[in-house]
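A structural walkthrough
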Amino acid sequence: MCPEETRFSARCLVRLTVNGQSHELEVEPRVTLLDLLRERLQLTGAKKGCNRGECGACTVLLDGRRVNACLVLAASAEGCAVTTVEGLAQDGRLHPVQQAFIEHDAFQCGFCTSGQIMSALACITEGHTGSNAEIREWMSGNLCRCAAYPQIAEAVAAAARDMSASEAA
Amino acid sequence: MQDFSYARATSRAEALALAAEGDTAILAGGTELLNWLRIGIAAPGRVVDISRTPGMDGVEALPGGGARIGALTRLNDAAQHPLIQHSYPVLSQAILKSASAQLRNLATIGGNPLQRVRCPYFRAEEPTPCNKRAPGSGCAALHGFNEKHAIFGWTEDCVAVQPSDPAAALAALDAVYVTERRDADGRRIPARSFHVLPSEDPTAHTVLEPGELIVSIEIAEPATRSAYLKLRERESYEYATVSAAVVLDLDGEVIRRARIALGSVAMRPWRLDEAERRLQGQRLGGPEVEAAVDAGFAEARPLSSNAYKIRLARNAVLRTLNLATRAS
Ligand SMILES: Cc1cc2nc3c(=O)[nH]c(=O)nc-3n(C[C@H](O)[C@H](O)[C@H](O)COP(=O)(O)OP(=O)(O)OC[C@H]3O[C@@H](n4cnc5c(N)ncnc54)[C@H](O)[C@@H]3O)c2cc1C
Ligand code: SF4
Ligand code: FES
Ligand code: FES
């Protein structure tokens, strides 16, 4: 077991919560969080675009903060809570950010979309939606080869309004 | 990625002990190390994860002014800490212009200045002449693609630049990297001499020794009149073509002291010593200011494809002097 023992070890037991469900898995140390999600847990929402931190398609929340899952070792995520796009909808109802992406036509091929949505959710809760420029800056870690950027920024702004309205209600 | 064995340090002593074992790489945020492992820039047998080592993160005020930033502080947390935002805008801006929002949630301030060159030959997946990848193999960039490479302090053995934004701000602030070692005393390494020029060693990046841990970064007195300008091909999420960090101390309209460091122009953040000397006592906006800045560029030397960077950097300094004047 990696976490408690200090010796170097060739296999790691990883316990983590993904979308509210606990998991315990044995992995090689080189396995990334992204590969664990996609290949061990069959959660393929987080995409493998570049696999080196450049595209943002693998963005997930790790203990509530957005990170590139391709740059995190699964072993390092021991004890953490992970949220992926699969964890957003509640009781069959889409999350306001998902709904806003549909309403604002914020994708074409959809490959970047789950990363965009996870990043957008974090961008909103971090409070970086004060202006279009601020949204564009804080969403710049998510590339979109279809260049749906204007619609993505609109969707983020709309979802931010939505979420603050429902918070106030 | 070649496999390795893994351990997570639970105390600083343990981190130092594990890091000092041979064939061991240190993992902090992992945003550089994982890519090195993939490309083959590093192939350690073991990785020690220091990311949860207690007592090595967070920002605190130092008695008598100044700030200490724990090495494991994530970039976003360092930049958005009130003390850094208010007293060291140059550093806060440099950090927030680095990488992306999600990368900055992983990347640590201690790991950032340890990032290696972005030279495409250094990062190549195929064997390519590169003295930093394979000492003695030559430098493919010298007569190859070198648009983004050095204009200061290069030799024919390596013409790459250190791309870190925070490192440039830290050099302008005369920050100190505080280290610890298992088998020797820790060191206090000035940020302006932390990186190694190719004239000293073309294969090296920094003066840090194997197993030596950066535990914190210390900055002296507040620098409210300071600013960072990053020029790049995209508005966001792109390395600098050139960047400028300026810290000003003013007496009314007169410059008491100006500290200027350029980023992405050399293998280390490049302090413009001569310009700094000549700016002392000058009136802001006066014609002497441009002449003083020009003097700082007397030793700039272009490569085959990057002469434009000299003018770009010179103009960046003038613009950043203005930005810093207006900050407070
Ligand atoms: C797509 C992309 C874009 C980027 N853009 C920018 C940019 O615009 N500007 C910029 O400045 N940077 C940029 N970066 C670089 C990024 O900021 C660095 O990768 C990051 O700061 C490194 O920190 P880390 O904690 O992730 O390092 P790690 O990957 O964990 O560590 C790298 C190496 O540093 C050493 N190390 C780390 N911490 C310590 C310590 N405390 N003591 C001793 N050794 C240590 C280890 O040897 C380790 O092997 C970018 C990176 C990516 C992937
Ligand atoms: S500039 Fe430096 S890093 Fe790039 S190829 Fe030459 S030796 Fe290698
Ligand atoms: S797959 Fe992780 S950033 Fe591209
Ligand atoms: S919708 Fe195609 S990459 Fe963004």
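Only a predicted model underlies this, so the values are computations on that prediction, with no experimental measurement involved. Numbering of residues starts from 1 in every chain and runs along the sequence as written. The naming scheme follows written order: chains are lettered A onward, ligands numbered 1 onward. Only residues with pLDDT of at least 70 get local features here, since the model is predicted, and only at 80 or more are side-chain atom pairs given and counted; chain-wide, interface and lining totals rely on the full set of residues. The side-chain values count all of the structure's non-hydrogen atoms but skip hydrogen atoms and water molecules.

A closer look at the overall build of chain B
Formally: Here a helix means four or more residues in a row that DSSP labels H or I, a strand means two or more in a row labelled E, and each is numbered from the N terminus. We compute the radius of gyration from the C-alpha atoms alone; for a globule the expected value is 2.2 Å times N to the 0.38, where N is the number of residues. Burial classification: accessible surface area is computed with a 1.4 Å probe over protein chains only, and a residue below 20% of its type maximum counts as buried, one above 50% as exposed, and the rest as partly exposed. All accessible areas in this document rest on Shrake-Rupley with a 1.4 Å probe, and a residue is counted as covered only by the protein chains that are shown.
When helices and strands are counted, chain B shows 10 helices and 12 strands. In terms of overall dimensions, chain B is globule-like: its C-alpha atoms have a radius of gyration of 19 Å, near the 20 Å expected for 328 residues. With the C-alpha coordinates of chain B rotated into their principal frame, the extents come out at 60 × 50 × 35 Å. Residues counted as buried form 60% of the 328 residues belonging to chain B. Carbon and sulfur atoms make up 49% of the accessible area of chain B, which amounts to about 12,700 Å² in all.

Quick word on the site of ligand 1
Rule in force here: We call a residue near a molecule or strand as soon as one heavy atom of that residue lies within 4 Å of the molecule or strand. Between N or O atoms, a polar contact is any pair within 3.5 Å; within protein, one atom must be a potential hydrogen donor and the other a potential acceptor, and residues adjacent in sequence are included only when both atoms are from side chains. Gly falls in the polar group here, along with every residue not listed as nonpolar (Ala, Val, Leu, Ile, Met, Phe, Trp, Tyr, Cys, Pro) or charged (Asp, Glu, Lys, Arg).
In the vicinity of ligand 1 there are 35 residues, among which Ala28(B), Gly30(B), Thr31(B), Thr108(B) and Asp165(B) approach most closely. At the site occupied by ligand 1, the surrounding residues belong to chains A and B. Separating an oxygen atom of ligand 1 from a backbone N or O atom of Ala99(B) is a distance of 3.1 Å. Take Asn112(B): an N or O atom from its side chain is 3.0 Å from an oxygen atom of ligand 1. Taking 980 Å² as the accessible area of ligand 1 by itself, protein coverage stands at 95%. In the shell around ligand 1, the residues fall into 18 nonpolar, 10 polar and seven charged.

Notes on the sheet that holds strand E11 (residues 254–263) of chain B
All names here are of chain B. In plain terms, the rule: When DSSP locates at least two bridges between a pair of strands, those strands are taken to pair. Contact definition: two residues touch when any of their heavy atoms are within 4.5 Å. Axis lines are fitted through C-alpha atoms, for helices just across the contact stretch, and the angle between N-to-C directions can take any value from 0 to 180 degrees.
A sheet is described by the order of its strands in space; here four strands give the open sequence E9-E10-E11-E12, paired in antiparallel fashion. The sheet is open, and its two borders are formed by strand E9 (226–231) and strand E12 (270–271), each paired with just one other strand. In this sheet, E12 lies alongside E11 in antiparallel orientation, the contact comprising two bridges. Looking at the pairing, Ala-261 lines up with Arg-271 of E12. Most of the contacts of helix H10 (residues 308–326) go to strand E10 (residues 242–251), to which it runs at about 35°, and overall it touches E9, E10 and E11.

Structural notes on the interface of chain A and chain B
A common way to express how large an interface is: the accessible area buried when the components associate. Under the convention used in this document: Definition used for salt bridges: Asp or Glu carboxyl oxygen within 4 Å of a side-chain nitrogen of Lys or Arg.
Contacts between the two partners involve 42 residues from chain A and, on the opposite side, 43 residues from chain B. For Asp3(B), the salt bridge goes to Arg30(A), with nearest N and O atoms at 3.9 Å. Where chain A packs against chain B, one counts 23 residue pairs in polar contact (both at pLDDT 80 or more). Elements supplying a minimum of two residues to the side of chain A that touches chain B: strand E4 (65–68), helix H3 (113–126) and helix H4 (132–138) of chain A. Broken down by element, the residue count for the side of chain A that touches chain B peaks at four residues, all from E4(A). For the side of chain A that touches chain B, the class distribution of residues is 17 nonpolar, 14 polar and 11 charged.

Topic: the environment of Lys132(B)
Residue and element names in this part refer to chain B. Along the chain, Lys-132 turns up in the loop between helix H6 (101–106) and helix H7 (165–172). The exposure class assigned to Lys-132 is buried, which follows from its relative accessible area of 10%. Here the alpha-carbon distance between Lys-132 and Pro-302, two residues 170 residues apart in the chain, equals 21 Å. Non-local contacts of Lys-132, meaning those with residues more than four positions away in its chain, are made with Val-117, Phe-122, Cys-158, Pro-202, Thr-203, Ala-204, His-205 and Met-267. Polar contacts involving the side chain of Lys-132 include one to the main-chain carbonyl oxygen of Pro-202, which spans 2.8 Å.

A few points about the domain arrangement of chain B
The following threshold applies: Either an automatic procedure or a domain database provided the assignment from which the domain bounds are taken.
The domain boundaries assigned to chain B delineate domain 1 (1–53) and domain 2 (226–326). On a C-alpha basis, the centroid separation for the pair domain 1 of chain B and domain 2 of chain B is 37 Å.

Observations concerning the sheet that holds strand E7 (residues 188–190) of chain B
All names here are of chain B. Taken in spatial order, the five strands line up as E4-E5-E8-E6-E7 in an open sheet, and their pairing is antiparallel. Two strands in the sheet have a free side with no partner beyond their single neighbour: strand E4 (59–61) and E7. Going across the sheet, the axis of each strand differs from the next one's by a mean of 25°, ignoring polarity.

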